[in-house]
Amino acid sequence: MKKSSVLLFGILSVFSATAQETIVKGSVIDGTTNVPIPNVIITIEETFQIAHTDAEGKFSFTSNVPLGEHILKVEKAGYVTKRFPIIVNEGKVLDISDMMLDINVADSVDMYIITLSDDELNDDATGGSDNISGLLQSSQDVYQRTVAFEFSSSFFKVRGLDSENSSILINGIEMNKLYNGRPEWSNWGGLNDVLRNQELSTNLSPSNYTFGGVLGSTHITSRASEYRKGGRVTYSISDRSYTQRVIASYATGLMDGGWSISAAVGRRWGEEGFQDATFYASNSFFASVEKKINDEHSINFTSFYAPNQRGKSSPNTQEVYDLKGIKYNEYWGFQNGEKRNSRVKKVDEPIFMLNHYWALNKKTILNTNLGYQFGSTGNSRLDYPGGANPSPAYYQKLPSYALADKNGPDYAKAYQLEQAFLKDGQIDWNRIYDANITNNSSGLNAAYALYEDRNDDTQITINSIFTSDLTDHMTINGAINYRHLKSENFAEVKDLLGALGILNVDSFDNIQYDLQNPNSIVGEGDRYRYNYNIYATVISGFVQAQFKYKKVEYFAALNVSNTTYQREGLYQHEIYETNSLGKGEKLSFTGFGTKAGLTYKLSGKHVLDVNAGYLSKAPSLRNTYSNARENHNVVKNITDEKIISVDGSYIFRSSIVKAKLTGFYSKIEDANKISFYYADGLSSFEISENQTSAFVQEISQGIDKVHFGGEFGIEAQVTPGIKIKGVASYGQYTYANNPNLYLTSSSFTNPNGIDFGQSQLKNYRLAGGPQSAYSVGFEYRDPDYWWFGATANFFDNTYIDISPLTRTRNFYTDADGLPFNDYDPEVARQLLKQEKFEPYMIVNLVGGKSWRINSYFVGFFGSINNILDAVHKTGGFEQGRNANYRVLKKDASNEIPVFGSKYWYGRGTTYFLNVHVRF
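Bear in mind that the values here come from a model prediction, so they are computed numbers and not experimental data. (Residues numbered from 1 in each chain as written. Predicted model: local features only at pLDDT ≥ 70, side-chain atom pairs only at ≥ 80, totals over all residues. Heavy atoms only, no water.)

### Focus: the overall build of the protein chain
At step 1: Summing up its helical and strand segments, the protein chain has 10 helices and 48 strands in all.
At step 2: Relative to its length of 919 residues, the protein chain is compact, with a C-alpha radius of gyration of 29 Å against a globular reference of 29 Å.
At step 3: Along the first, second and third principal axes, the C-alpha set of the protein chain runs to 95 × 55 × 55 Å.
At step 4: Across the 919 residues of the protein chain, 57% fall into the buried class.
At step 5: For the protein chain, the proportion of contacts with a sequence separation of at least 24, taken over those separated by at least 6, is 71%.
At step 6: For the protein chain, the accessible area works out to roughly 37600 Å², and carbon and sulfur atoms hold 54% of it.
At step 7: Taking the average place of the 88 positive charges on the side chains of the protein chain and the average place of its 100 negative ones, the gap between the two points comes to 5 Å. (Helix = DSSP H or I, 4+ residues; strand = E, 2+ residues; numbered from the N terminus. Rg over C-alpha atoms; globule rule 2.2 N^0.38 Å. Buried < 20%, exposed > 50% of the residue type's maximum accessible area, 1.4 Å probe, protein only. Contact = heavy atoms within 4.5 Å. Areas by Shrake-Rupley, 256 points an atom, 1.4 Å probe, with all protein chains shown as cover. Lys, Arg positive; Asp, Glu negative; His and termini not counted. Charge placed at Lys NZ, Arg CZ, Asp CG, Glu CD.)

### Describing the confidence of the model for the protein chain
At step 1: Looking at the protein chain, the pLDDT average stands at 88 and 93% of residues meet or exceed 70.
At step 2: This stretch, residues 108-138, has a pLDDT under 50; its non-local contacts, to residues over four places away or in other chains, come to 107 contacts. (pLDDT = per-residue confidence, 0-100.)

### A short note on the sheet that holds strand E4 (residues 49-52)
At step 1: If you walk across this open sheet you meet the 4 strands as E4-E3-E6-E7, and the pairing is antiparallel. If you trace the sheet from one side to the other, it starts and ends with E4 and strand E7 (82-88), each paired once. Here the average twist between neighbouring strands, direction ignored, is 25 degrees.
At step 2: The pairing of strand E6 (residues 68-75) with E7 spans 7 bridges and is antiparallel. Within E7, the residue paired with Leu-72 across the bridge is Phe-84. (Pairing = 2+ DSSP bridges. Axes fitted to C-alpha atoms, helices over the stretch in contact; angles between N-to-C directions.)

### Some thoughts on the pattern of salt bridges
At step 1: Throughout the structure, instances matching the rule amount to 38 salt bridges.
At step 2: Lys-58 is paired through a salt bridge with Glu-56; the nearest N and O atoms lie 3.7 Å apart.
At step 3: Where Lys-642 meets Asp-670, a salt bridge forms, and the shortest distance between an N and an O atom there is 3.0 Å. Here Lys-642 is found in strand E36 (residues 641-653), whereas its partner Asp-670 is found in strand E37 (residues 657-679), with 28 residues between them in sequence.
At step 4: Of the residues examined, Asp-670 reaches a relative accessible area of 25% and is grouped as partly exposed. (Salt bridge = Lys/Arg side-chain N within 4 Å of Asp/Glu carboxyl O.)

### Side note on the packing of aromatic side chains
At step 1: As enumerated under the stated definition, the model contains 34 aromatic pairs in all.
At step 2: The interplanar angle of 65 degrees and the centroid separation of 5.5 Å between the aromatic rings of Tyr-328 and Phe-421 together place this pair among those described as edge-to-face. Here the residue Tyr-328 occupies a position in the loop between helix H5 (318-324) and strand E20 (332-335), and Phe-421 occupies one in helix H7 (residues 411-423), the gap between them amounting to 93 residues. One exposure class covers both Tyr-328 and Phe-421, and it is buried.
At step 3: Taken together through their ring pairs, the aromatic side chains of Phe-151, Phe-156, Phe-795 and Tyr-840 make up a single cluster.
At step 4: Above the plane of the ring of Trp-429 lies Arg-340, whose end atom (NZ or CZ) is 4.4 Å from the centre. (Phe/Tyr/Trp six-rings, centres within 6.5 Å; stacked < 30°, edge-to-face > 60°. Lys NZ or Arg CZ within 6 Å of the ring centre and 35° of its normal.)

### Points about the pairing of strand E45 (residues 856-865)
At step 1: Of all 10 residues making up E45, 7 are buried, and the element is well covered by its neighbours.
At step 2: Direction of pairing for strand E44 (residues 840-853) relative to E45: antiparallel, over a ladder of 9 bridges. Within E45, the position partnered with Arg-852 by the bridge is Phe-857.
At step 3: With antiparallel pairing between neighbouring strands as the criterion, E44 and E45 make up a hairpin whose turn holds 2 residues, including Asn-854 at a positive phi of roughly 55 degrees.
At step 4: Where E45 meets strand E48 (residues 910-918), 9 bridges bridge the pair, whose relative direction is antiparallel. Residue pairing across strands places Phe-857 opposite Arg-918, the latter belonging to E48.

### With respect to unusual backbone geometry
At step 1: Although it is not a glycine, Asp-670 adopts a positive phi angle of roughly 60 degrees.
At step 2: Positive phi values are uncommon outside glycine, yet Asn-866 reaches one of about 55 degrees.
At step 3: Here Asn-866 is to be found in the loop between E45 and strand E46 (873-877).

### Some thoughts on the nonpolar core
Nonpolar side chains tend to gather and get buried jointly when the protein is soluble and globular.
At step 1: Residues Phe-151, Tyr-735 and Phe-811 are the most contacted members of the largest nonpolar core, which totals 47 residues.
At step 2: The element best represented in this core is helix H4 (residues 142-151), accounting for 4 residues.
At step 3: Excluding its chain neighbours within four sequence positions, the residues that come into contact with Phe-151 are Thr-146, Phe-156, Val-727, Ala-773, Tyr-774, Ser-775, Asn-793 and Phe-795.
At step 4: Counting residues in each nonpolar core, the second largest holds 24 residues, with Ala-449, Ala-499, Tyr-528 and Phe-589 among its members. (Core = buried A, V, L, I, M, F, W, Y, C linked by side-chain atoms within 4.5 Å.)

This is how it looks when you write it as structure tokens:
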């Protein structure tokens, strides 16, 4: 009662009667410790005006302050949200000091942040699969929360777009990689406790820090002064990516002398995740130190380092899954009684940031940032220059190969292969070592070796971000950014597996990788196969104006960028003698972007919101060079990628129901896609020795794509303890044109490659998760601090990633350029029909209990995902080996296709248990 009196009556005082400005200001403190709470969100409801508390827990509304009776909402993750009635009089100052927030003992937000951002990525998938939970975990919108927390395990993509269409910033510094435009989530994995202070700008909505992409931006703040004083220790167990996790964090809050410190350490580990032999090992370190020099200046230093490595899992054909189950992984085998995975991803990239915050005056802030990142990313695999393919799932080791024998099905051989695969079906490490030892005795080089595809990056970022409230109604944001990257790319021998050395020559075509050092023998730790540097520089700037009035808000933003790339070859490749060594042409791309939006408040409950934008941006490094490992060649007719996007929303908000209905449309033009694989059935007149097979680089150039659909989210607090929610996303994401396609290969007689003209992709569906997703669920919270929730999620319209080469003239023409004489258009139509996966439902359960013991807060929760153990495909791709009508028709007529599509399956039933102590 005493607290309520203070909050509702005592702290609402009006003074400074002669003031000409209408101001609402105040402060927020912890209800237990009386310590100021930074980064609390203060909202004047119905007007949607928002302010945040500073390091001293203070906030203020000084522009366009509404008059009369209103509700002030005070909220922060981890605390109980409170609402206070206020009365604002014109020309007066309303000072609401020391509002108290109590820690939410039954807070379940931690559950989502802990589990989902650590989910394993299928980053070997064609087209890439992105984890989106890190983008959306800070959202208060039911649709965005559901997408992040319920849909991400099915690799659902918001509006069908990859994460390169959003920007992730930490302390104003962009984290998206220049190589592919996507953030490397594992660079800050396991640091969830200290990366909670997030500001999300969804889709085309304005951000105070960056222009963003068509999926918006997330800005993470790690200023030491903005962390709640106190500590937290967490222990978790699971059977998803890792099996155990420990994290400890502590923040001092603002201390005497203006110093603040925040630190965290963590470890995640496991011998095996859901898939076989997918081990996980990660350590995480974080430190942030801030010195508040005076009321105008503050300097913050942040460093974080999260070295990690994990064993990868393989995509497999349906034949393999039928024999070995969805947990099967072909990348490992037993060595000395332990599972050894040949495909390991290792990330080791520390990041340092120095940030200066300068309050030029009460309405203008300049934030200048310096970021430095270095380190390496590696992906290991087996090389077999003098041996047979070591993959246990190699097509010649499976029953389908014997069933497709040219003399008719060999059932006896098929049975033998089946039994051998069922009995073992893993890499034979002992045989690999024996082969190398045998070669040693004969004076031969390695038949097998384990190597790592490496990129060692060094990047520096400098920027300044400017925000100024020019008037009560107008805010100007702007930024100038500079990024420079040097990326060293090479293959490194990790393990000779008992051999004495490996020859730096392409054994398949007998081609020298480095003519400067022909027939060189390399050992462990040496570079081989390819060796080059990439230099990239991006200079960009944006300016934005936001206008806020009682009934309407609108904004407009402009972005300009210049991107330069240059390749420097350190090897002289034998096939590309004049086009591989030294520095190549410097490429330059100029990007331009503009966007605008309007929000109209029909009333306090009904709001309309419309946004539109146009962006042109440089292609990523990955899609600029056709084969950077061997030469300087750039994708033909390369140009900026263009994106047009528009969306409109109706929003309803009341004390019980919150709902949002959105329609969207995006078109992407002039995109590129490069794939690497072994192709069969090629036109032979431009291939060395008149062959029909080669390892190729497939370049699809000038791709247009259309994304349109609708989103709906609703939640209702039907009783004080029960909340129900519903979410729906329906989209149609298709190719919008027939892009040009050509192949390059060191096996081709033409160094410029073979041009196959148009690939007939128009109206095929884009791959990358379900295009339709629906969710219904509820949550019950008991006054005794226990809770329980359940959600049913439905997924449909998931399509396989099609092979562009089989949709070109290569599919229906013979080596002489004439159509196959046995070509049947109706049969061809069936062969080229895109596979659609079966719809599926995933049911998830979660529950927990919390206690407050003096000044300690103890929490426990557990979750079970896919409790019905639904077996479902989350993605897949057509193999490009059957490149023409005859070979594809023959393979499709077999009892089991030899080169069937490869798939990823979702996890079956999994669990996550967590206990934490806060103090």
